[in-house]
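Each chain is listed here by its residues.
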Amino acid sequence: MDYNRTTDEKLAELFNAGDETAFETLYKRYEGVIKGFARTFYFFGGDTEDLWQEGFFALYSATKTFDKQKAEQTSTSFKTYAYSCIKFRMLNAVSAQSTDKRKALNSTVSIDESVETIVEEGASPEDIIISYERKNEITESIKEKLSDFEKSVFDLYIEGYTYTEIAEMLGVTPKSVDNALQRIKDKCKKPTE
């Protein structure tokens, strides 16, 4: 079987029948999405690695709970469902962490909690589009607070470049990139004046 040519829906079905390779294939397809969300939500108080772990668990849960028949009735693809699960779980984790700074991020949300919420609420494609638009609004509001250098660092970081790659592209040291990211994160925590 050529897993790379198999649909997400079929891979979820195969995984639930015990095929571990099917989930590995799904993970490879969604790894960039998970990392992208983790990098974005980092600025709202999350730790990138903890958020990545939340995204992984969300994908795993989405794969386990995906109901093909219900999806066909609502015209929802696995991709839409998985994106919703990943995003909402990360948002819940960041929100939970910001309300209790003493808790570890990875202990604040159960593996299936956000998935069950999405299943109950029946997140529609419109909901997902609105949430992406909201994310873009938040990103733009962050950029309004930044210097030109910080904007450049922010954009490259969100695109997935490493500190070293960003430093090389901007002609600065990795420490300068790290300092800029810390300033960005601090500015995101301050209330808008």
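Further up the page is the structure itself.
Remember, it's a predicted structure, so these values are computed and weren't measured experimentally.

Visitor: So, the overall build of the protein: which residues are in play, and what are the values?
Guide: Each helix and strand in the protein was counted, giving ten helices and zero strands. Seen in sequence order, the protein has helices and strands lined up from the N terminus as α-α-α-α-α-α-α-α-α-α. The contacts of the protein with a sequence gap of at least 6 include a subset with a gap of at least 24, amounting to 63%. Working note: accessible area of the protein is about 10900 Å², and carbon and sulfur atoms make up 49% of it.

Visitor: How would you explain the nonpolar core if you had to name every residue and give the values?
Guide: With 27 residues, the main nonpolar core has Leu59, Phe78, Ile86 and Met90 as its most contacted residues. At the level of secondary structure, the elements contributing two or more residues to this core comprise helix H1 (8-16), helix H2 (20-42), helix H3 (48-65) and helix H5 (78-99). No other element matches H2, which puts ten residues into this core. In this view, Ile86 contacts Val33, Ile34, Phe37, Gly55, Ala58 and Leu59; residues no more than four positions away in its chain are not counted. In terms of nonpolar packing, the next biggest core, distinct from the first, is built from 14 residues, Leu146, Val177, Ala180 and Leu181 among them.

Visitor: Run through the pattern of salt bridges, naming residues and quoting values.
Guide: This model, assessed by the stated rule, comprises eight salt bridges. Asp8 serves as the salt-bridge partner of Arg29, at 2.5 Å between the closest nitrogen and oxygen. One end of the pair, Arg29, is in helix H2; the other, Asp8, is in helix H1, with 21 residues separating them in the sequence. Given a relative accessible area of 14%, Asp8 falls into the buried group.

Visitor: Residue-level account of the side chain of Arg89, with values.
Guide: Inspection of the secondary structure puts Arg89 in helix H5. Judged by relative accessible area, Arg89 falls into the buried class, the value being 1%. Within polar-contact distance, the side chain of Arg89 engages the side chain of Glu54 at 2.6 Å.

Rules used in this analysis
Residues numbered from 1 in each chain as written. Predicted model: local features only at pLDDT ≥ 70, side-chain atom pairs only at ≥ 80, totals over all residues. Heavy atoms only, no water. Helix = DSSP H or I, 4+ residues; strand = E, 2+ residues; numbered from the N terminus. Contact = heavy atoms within 4.5 Å. Areas by Shrake-Rupley, 256 points an atom, 1.4 Å probe, with all protein chains shown as cover. Core = buried A, V, L, I, M, F, W, Y, C linked by side-chain atoms within 4.5 Å. Buried < 20%, exposed > 50% of the residue type's maximum accessible area, 1.4 Å probe, protein only. Salt bridge = Lys/Arg side-chain N within 4 Å of Asp/Glu carboxyl O. Polar contact = N/O pair within 3.5 Å; in protein donor to acceptor, adjacent residues only side chain to side chain.

Don't take any of this as a statement about function, it's just geometry.
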